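Residue strings, one per chain:
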Amino acid sequence: MEQFGIHPLFGGDTLHWYTPSNVTLWMAIATLAAIALFVLGTARRSIIPGRAQGIAEILYTFVHDMVVDTAGHDAVRFFPYVMTLFTFILMSNYLGLIPGGFTSTSHIAVTAIMALAVFLTVTVLGFVLNGASFLGLFWVSSAPLVLRPVLAVIELMSYFVRPMSHSIRLAGNMMAGHTVISVFATFGFYALISPLSVIGIVAMYGFEVLVCGIQAYVFAILTCVYLRDALHPHH
Amino acid sequence: MATTPTEAASSGTMPQLDFATFPNQIFWLIVTLVVIYLVLSRVALPRIAGILAERRGTIAGDLAAAQELKGRAVDAENAYQNALTRARAEAAKIIAATKADIQKDLDAAIAKADVQIAAKAAESEKAIAEIKAGAVDAVAEVARSTAGELVAALGGKADASAITAAVSARLKG
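Residues numbered from 1 in each chain as written. Chains lettered and ligands numbered in written order. Predicted model: local features only at pLDDT ≥ 70, side-chain atom pairs only at ≥ 80, totals over all residues. Heavy atoms only, no water.

To continue, consider the overall build of chain B. Tallying secondary structure elements over chain B gives three helices and zero strands in all. For chain B, the N- to C-terminal ordering of α and β elements is α-α-α. Against the globule reference of 16 Å for 173 residues, chain B gives a C-alpha radius of gyration of 66 Å, more extended than a compact globule. For chain B, the C-alpha atoms occupy an extent of roughly 195 × 35 × 15 Å along the three principal directions. (Helix = DSSP H or I, 4+ residues; strand = E, 2+ residues; numbered from the N terminus. Rg over C-alpha atoms; globule rule 2.2 N^0.38 Å.)

Here we come to the packing of helix α2 (residues 51-71) of chain A against helix α3 (residues 79-96) of chain A. Residue and element names in this part refer to chain A. Contact pair α2 / α3: the axes reach a minimum separation of 10 Å and the direction vectors enclose 130 degrees. What the angle tells us is that α2 and α3 run oblique. Once α2 is placed against α3, the crossing between them reads as right-handed. Judged by residue contacts, Leu59, Tyr60, Phe62, Val63, His64 and Val67 of α2 engage Phe79, Val82, Met83, Phe86 and Leu90 from α3. By residue class, the composition of the contact of α2 with α3 is ten nonpolar, one polar and no charged. (Axes fitted to C-alpha atoms, helices over the stretch in contact; angles between N-to-C directions. Parallel < 35°, antiparallel > 145°, perpendicular 65-115°, else oblique. Left-handed = near helix turned anticlockwise from the far one by under 90°. Contact = heavy atoms within 4.5 Å. Nonpolar A, V, L, I, M, F, W, Y, C, P; charged D, E, K, R; others polar.)

With that settled, consider the interface of chain A and chain B. Accessible area lost on assembly of the parts is the figure often given for the size of an interface. Every contact between the two is made by 48 residues of chain A and, on the other side, 37 residues of chain B. Approximately 4000 Å² of surface area, both sides summed, lies buried where chain A meets chain B, with 75% of it carried by carbon and sulfur atoms. Our count for the contact surface shared by chain A and chain B stands at one salt bridge. The residue glutamate 57 of chain A makes a salt bridge to arginine 55 of chain B at a minimum N-O spacing of 2.8 Å. Remark: the boundary between chain A and chain B carries eleven residue pairs in polar contact (both at pLDDT 80 or more). (Buried area = accessible area lost by both parts, 1.4 Å probe. Salt bridge = Lys/Arg side-chain N within 4 Å of Asp/Glu carboxyl O. Polar contact = N/O pair within 3.5 Å; in protein donor to acceptor, adjacent residues only side chain to side chain.)

A word on the pattern of salt bridges. Residue and element names in this part refer to chain B. Going through the model one piece at a time under the given rule, you end up with four salt bridges over all chains. Across the salt bridge formed by glutamate 141 and arginine 144, the nearest N and O atoms sit 3.3 Å from each other. With glutamate 141 and arginine 144 both in helix α2 (residues 22-153) and three residues apart, this pair spans about one turn of that helix.

Residues and elements named next belong to chain A. The backbone of arginine 45 sits at a positive phi, close to 50 degrees, despite the residue not being glycine. For arginine 45, the position within the fold is in the loop between α1 (22-40) and α2. Exposure remark for arginine 45: the relative accessible area of 45% places this residue in the partly exposed category. (Buried < 20%, exposed > 50% of the residue type's maximum accessible area, 1.4 Å probe, protein only.)

On to a nonpolar patch on the surface. Residues Val183, Phe187, Phe189, Tyr190, Leu192, Ile193 and Leu196 of chain A make up a contiguous nonpolar surface patch of about 820 Å² in total accessible area. Position of tyrosine 190 of chain A relative to the elements: it lies in the loop between α5 (148-187) and α6 (194-231). (Patch = residues over 30% accessible without salt bridge, like charges linked within 9 Å, V, L, I, M, F, W, Y side chains within 5 Å. Areas by Shrake-Rupley, 256 points an atom, 1.4 Å probe, with all protein chains shown as cover.)

A few words on the packing of α3 of chain A against α2 of chain B. At a minimum axis distance of 9 Å, the contact between α3 of chain A and α2 of chain B shows a crossing angle of 125 degrees. The pairing of α3 of chain A with α2 of chain B is recorded here as oblique in orientation. Considering how the two elements wind past one another, α3 of chain A and α2 of chain B form a crossing that is right-handed. Residues Phe79, Pro80, Tyr81, Met83, Thr84, Leu85, Thr87 and Phe88 of chain A of α3 of chain A pack against Leu29, Thr32, Leu33, Ile36, Tyr37, Leu40, Ser41 and Leu45 of chain B of α2 of chain B.

With that out of the way, let us pick up α2 of chain A. Helix length check: α2 of chain A (21 residues) gives 30 Å between terminal C-alpha atoms against 30 Å at 1.5 Å per residue, within 8%. Listed in full, the buried residues belonging to α2 of chain A are Gln53, Gly54, Ala56, Glu57, Leu59, Tyr60, Val63, Met66, Val67, Val68, Thr70 and Ala71 of chain A. Of the surrounding elements, those touching the buried residues of α2 of chain A are α1, α3 and α6 of chain A together with α2 of chain B. (Expected span 1.5 Å × (residues − 1).)

Low pLDDT marks regions whose predicted coordinates should not be analysed in detail. Considering every residue of chain A, the mean pLDDT works out to 92; 99% of them sit at 70 or more. Ranking the elements of chain A by mean pLDDT puts α5 of chain A last with 92 and α3 of chain A first with 96. (pLDDT = per-residue confidence, 0-100.)

Dropping the structure here:
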C-alpha cells in the first residue's frame, strides 16, 4: 500500500493543499508526456506522419469519432473536454506502470472529481439546453403507464449512482491491478515460490497494460454517453 | 489542513481513503487538467485537425488530378479510335474508287476487245466465204472440164453449153 502513499515532495511532514507532493510530480510528468506527444510530436505537421505524430493522430481521430458516434455531431464542441480527460487518464495509467511510479488515477479523490465534473456538466447542460423536458430522461415513455413511476425511481437512482460507478470503476481497476502486482512481488521474498511470483508479475503486468488503455477508453466513452443524455434526452 | 498523511499510510489503512490528502490531490488535479486542456485546445487539437484536413485536401486533390488525367487519357484514346475509324473509312472509299476505276478500264478494254474480235471474226467469215465461193467455182470448173474430157473420151461430141448446164444442175443438186 506504500505505492499509493502521498507525501510532500521536498521533505517535511505537513501536507497543505498547495504543497508540491508526489501527486504534483506525476501529474506534471503526465502533462509533459501529453505535451511531448501532442505538441512536440506534431511539430513537423508532415503529410506523411512519423511515429509520434501517427500516435497523436490515431488518438485524436479515435476520441473524435467516439464523441461524434456516441454523443452526436453537436457534441463536437465538447471534444476538447473529453480529449483532456482521456489524455490525462491514459498518461497517468501508463506512467503508473513504471516501476516506482505513482498512479494518480488509482486515487478515488482524483477520479471522483473528474466524474463529478462530468456529472455536473451533464446535469447543468441538460437543464440549460432542454429546460424541464430534461426530466423526460427519467420518464420512460415507451414503457406501460403503470410501470413508468417505478422506472422513473430506478432511472433517477441510476442517474445519481453514475458518478460513483464512473469514478470507482477507474480507481478500483488501477488500484486492484497495482495491488495484485505488489502482492505477487511480496511472494518473491520466498525463494521456493519466487519463479511463480515472477511469472505472475509478468502476466499481471501484461494484463495491466491492457487495462490501462481500456479504462481510459471506458471513462471517455461513458462521458460521451452521459453527454448524449444531456444533448438528446428523448431517446 | 496541515496534517501528517504518512501516519495514515503506514498504519495500514488505504491511502486512498486518507481524506487529509484530498485537498492536495484535488488542487493539483485541477491545475493539471486546466494545463492539459489549454495545451490541447489551444495548440495540439487545432494543429492535428489542420494536419488531417490538409492531408484530406491533398488526397482529394491528388484523386481529382488522377481523375482528370484519366479523363484526358480516355479522350486521347477516343480521338485515336476516331482517327482510326476515319482512316479505315477513307481507305475503304479509296479501295472502292480504285476498284470502280479498274472495272471501268476493264469494261472499256473488254468492249474494245469485243469490237476488235467481232471485226476480226467478220473479216475471217468474209475470207472464208470468199474461199468457199472460190472453191465452188473451182469445183464447177474442174467438174466441167472433167465432164467435157469424159464425154470426149467416151467418143461423144462435147457441147460446152450442155455440159455447163448439166454441171450447174448437179452442183445445185
